[in-house]
Amino acid sequence: MMNNTENARLRYADIFDLPHHRSAVRQHMSLYDRAAQFAPFAALSGFDDMVIEEARLTDSRIELSESEIDLLNAVIAGIADTIENGGHPAVTVTRFKPDAHKSGGSYETLTGIVKKVDPIEKTLVFYGSEDIEDRRLPTIDIPIESVVKVELREPDRV
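Enquirer: Is there a simple way to explain the pattern of salt bridges in this structure?
Expert: Any two side chains of opposite charge can pair, on the condition that their charged atoms come close. Within this structure, the stated rule accounts for six salt bridges. Between Glu-108 and Arg-95 there is a salt bridge, and its shortest N-O distance comes to 3.2 Å. Taken as a pair, Glu-108 in strand 2 (residues 105–118) and Arg-95 in strand 1 (residues 90–98) lie far apart in primary sequence, 13 residues in all. Notably, a salt bridge pairs Glu-151 with Arg-153, separated by 2.9 Å at the nearest N-O pair. We classify Glu-151 as partly exposed; its relative accessible area is 27%. Through salt bridges with shared partners, one network takes in Glu-53, Arg-56 and Asp-99.

Here you go:
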């Protein structure tokens with residue numbers, strides 16, 4: 001009994017040792033171009049991105065109690081008083097940033113020097129860098145309604 005390799009050799013014995021044909025008219029295809037013909041076809045373009053986006057987790061917003069809101073407002077009022085008296089308070093703020101694509105969001109923490117508390121826009125405005133004289137970086141505005149925690153820092157520990 002013959003195995004498949006011997007069977008194939010016998011079946012194609014008349015052409016087995018002939019030289020490989022090369023076209024005189026067409027240029028030989030590179031291995032890279034030949035491999036590209038067999039590359040997988042993405043019939044559902046964007047599907048992988050959609051699956052990754054759906055799997056991405058978001059946090060839900062913590063609802064502060066009335067007493068926590070009062071305490072937060074008192075700390076922010078203290079920051080405004082310090083600025084009004086010529087001080088430059090260094091603080092760490094934790095805020096909730098809503099997700100642009102799905103429900104929920106994420107919590108961000110920013111440490112910096114507060115430039116002003118804007119009661120009209122209801123924002124905390126931070127200097128763009130630790131050097132308050134440096135005007136090259138834009139200020140950072142944080143809506144007060146998104147703030148869930150404020151901690152005062154020592155000025156040299158920003």
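Enquirer: In this structure, what is going on with the nonpolar core? I would like to understand it.
Expert: Where a protein is soluble and globular, its nonpolar side chains tend to be buried together. By size, the foremost hydrophobic cluster in this structure holds 13 residues, and its most contacted members are Val-93, Leu-124 and Val-150. Top element by residues in this core is helix 5 (residues 66–84). It accounts for three residues. In contact with Val-150, not counting residues within four places along its chain, are Leu-72, Val-75, Ile-76, Ile-79, Val-91, Thr-92 and Val-93.

Enquirer: Honestly, a nonpolar patch on the surface in this entry has me stumped. Any pointers?
Expert: Taken together, Tyr-12, Ile-15, Phe-16 and Leu-18 make up a surface patch of nonpolar side chains, about 420 Å² in accessible area. With respect to the helices and strands, Leu-18 occurs in the loop between helix 2 (13–16) and helix 3 (31–37).

Parameters and conventions
Residues numbered from 1 in each chain as written. Predicted model: local features only at pLDDT ≥ 70, side-chain atom pairs only at ≥ 80, totals over all residues. Heavy atoms only, no water. Salt bridge = Lys/Arg side-chain N within 4 Å of Asp/Glu carboxyl O. Helix = DSSP H or I, 4+ residues; strand = E, 2+ residues; numbered from the N terminus. Buried < 20%, exposed > 50% of the residue type's maximum accessible area, 1.4 Å probe, protein only. Core = buried A, V, L, I, M, F, W, Y, C linked by side-chain atoms within 4.5 Å. Contact = heavy atoms within 4.5 Å. Patch = residues over 30% accessible without salt bridge, like charges linked within 9 Å, V, L, I, M, F, W, Y side chains within 5 Å. Areas by Shrake-Rupley, 256 points an atom, 1.4 Å probe, with all protein chains shown as cover.

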